[in-house]
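Here is how the chains run, residue by residue.
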Amino acid sequence: MTERRLRLGELLLSRGICTRERLLEAWEQKVVFGDRLGTNLLAVGAIDERTLAQALGHQLGVHSGHGKVLKVDPAAIKLLPANIAEQRLVVPHHVQEKKLFLLMRDPHDAFAIDDVRFATGLGVVPILVCEARMWSLLERHYGLRPTLRPIPLDGFGARRRPAGTEELTSPV
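Residues numbered from 1 in each chain as written. Predicted model: local features only at pLDDT ≥ 70, side-chain atom pairs only at ≥ 80, totals over all residues. Heavy atoms only, no water.

**With respect to the overall build of the protein chain**
Summing up its helical and strand segments, the protein chain has 8 helices and 3 strands in all. When the helices and strands of the protein chain are read in sequence order from the N terminus, they spell out α-α-α-α-α-α-β-β-α-β-α. When burial is assessed residue by residue, the protein chain has 47% of its 172 residues classed as buried. Relative to all contacts within the protein chain whose residues are 6 or more apart in sequence, the contacts with residues 24 or more apart total 61%. (Helix = DSSP H or I, 4+ residues; strand = E, 2+ residues; numbered from the N terminus. Buried < 20%, exposed > 50% of the residue type's maximum accessible area, 1.4 Å probe, protein only. Contact = heavy atoms within 4.5 Å.)

Written out as structure tokens, the structure reads:
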């Protein structure tokens, strides 16, 4: 029997990263705007991008990236057409040893990975980024605007985590 994976809200609550009240506020935003729970947590200032990326990476068992840590190689961008990046919500990060390290909001999206593998002829290594960061990357590197909703990134507008909360550092 397989162990059930904690949902994002459950994970954040169990680690003391977010309160029930802040989660409810984010769920209310989700009803109005849609988007993912993590995006709405960023929007209401309940969590910062780094903490969200680490929590999502931990939840899904993959590596994650955030903010200024993401130094996208312009040569990698040229490998993937904008229409695939937009359709699959992915951005190439860099190439190493015939593998494309791919920034994705859903690192388990097999269709996106297959499309990128076919388009580039390279193996794909997924790296999770939160939805709002993906929007920013698509705009910066491809000139695309997947959303007009402003979300605070890079420490602007996000509230700090409560003191003493456990930091998530690696995938399970």
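**Notes on the pairing of strand 1 (residues 90–96)**
Note that strand 1 and strand 2 (residues 99–104) share 6 bridges and pair antiparallel. By the bridge assignment for strand 2, Pro92 is matched with Leu102. If you look at the hairpin formed by strand 1 and strand 2, you'll find 2 residues sitting between the two strands, and Glu97 has a positive phi there, around 50°. (Pairing = 2+ DSSP bridges.)

**What to know about the pattern of salt bridges**
This model, assessed by the stated rule, comprises 6 salt bridges. Here Arg88 and Asp115 are joined by a salt bridge, their closest N and O atoms 2.7 Å apart. Remark: Asp115 occurs in helix 7 (residues 110–120) and Arg88 occurs in helix 6 (residues 82–88); sequence separation between them is 27 residues. Residue Asp115 is classed as partly exposed on the basis of its relative accessible area of 27%. Asp114 is the partner of Arg117 in a salt bridge, and the nearest nitrogen-oxygen pair spans 3.0 Å. One end of the pair is Arg117 and the other is Asp114, both in helix 7 and 3 residues apart, which spans about a single turn. (Salt bridge = Lys/Arg side-chain N within 4 Å of Asp/Glu carboxyl O.)

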